[in-house]
Amino acid sequence: MTAPRQPPWGYPPPPAPPAVVLPKESYTRWVTRLCAFLIDAVPAVLLMVISSVVGSIADGCSRVRADAPHLGHCGWAVADNGGILLLLGFGLAFGLFPLTLAYLVWNFGYRQGKTGSSIGKSVMKFKVVGEKTWQPIGFWLSLVRQLMHWLDQMACYIGFLWPLWDYKRQTFADKIMGTVCVPVDSEPPPAPLYQPAGYPWPG
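Residues numbered from 1 in each chain as written. Predicted model: local features only at pLDDT ≥ 70, side-chain atom pairs only at ≥ 80, totals over all residues. Heavy atoms only, no water.

Asker: Where do I start with the packing of aromatic side chains in this structure?
Answerer: For any pair of aromatic rings, the description rests on two quantities: the centre-to-centre distance and the angle between the ring planes. A complete count under the given rule lists four aromatic pairs for this structure. Their ring planes at 70° and their centres at 5.3 Å tell us that Trp-162 and Trp-165 sit as a pair that is edge-to-face. An aromatic cluster is present here, built from Trp-162, Trp-165 and Phe-172 joined pairwise through their rings. (Phe/Tyr/Trp six-rings, centres within 6.5 Å; stacked < 30°, edge-to-face > 60°.)

Shown next as structure tokens:
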């Protein structure tokens, strides 16, 4: 076995300095992330509310004959039309569910995976990037990250509150996926200027 190669001047290479650590203020604040979540939730909530309201109205109209017989012929007409509305309401409800799912996949998978920002994150001007690459994590990993948020819900949603005291302001999902939230105009941390251990020295 050959001995490790030494620098030409006879001294061992200097020890590697500690990894670059960004200040806590470089990561997105919890309140900003909460606002982005609420903005992202608006379209999905609206679709679900519309579906629920239309279904309830249609169901109510279909019960007029039994619940309001004093309306006479008017009640019968409303009840007959209510049956049609009920079918339309259920059709709308089932139609809006895949539309809601498609929105979530597009917003948190494709858009966030490709650009780093969902709609809400774009409004609040921050992005999700890989901690090592400082780049968006891509479609599939972005979807997996969203699924990992169920871990944040365990133990009374403590994972969602973790960024309040975490140095890098990460949720449990962020820690598992190796992601951080940073402003959209933030620059990647500078590469450490040192000779890595085991790298062949000249000479």
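Asker: What am I meant to see in unusual backbone geometry here?
Answerer: The phi angle of most residues is negative, glycine excepted, and most peptide bonds adopt the trans form. Phi is positive for Trp-134, close to 60°, though the residue is something other than glycine. Inspection of the secondary structure assignment puts Trp-134 in the loop between strand E1 (126-130) and helix H5 (139-161). Despite not being glycine, Tyr-157 shows a phi value in the positive range, around 60°. Looking at the secondary structure, you find Tyr-157 in helix H5. (Helix = DSSP H or I, 4+ residues; strand = E, 2+ residues; numbered from the N terminus.)

Asker: How do you make sense of the environment of Lys-175 when you look at a structure like this?
Answerer: Along the polypeptide, Lys-175 turns up in helix H6 (residues 172-177). Along the primary structure Lys-175 and Glu-131 are separated by 44 residues, whereas in three dimensions their C-alpha atoms are 9.6 Å apart. Contacts of Lys-175, omitting those with residues within four sequence positions, involve Trp-162, Asp-166 and Gln-170. At a separation of 2.9 Å, a polar atom in the side chain of Lys-175 contacts the side chain of Asp-166. (Contact = heavy atoms within 4.5 Å. Polar contact = N/O pair within 3.5 Å; in protein donor to acceptor, adjacent residues only side chain to side chain.)

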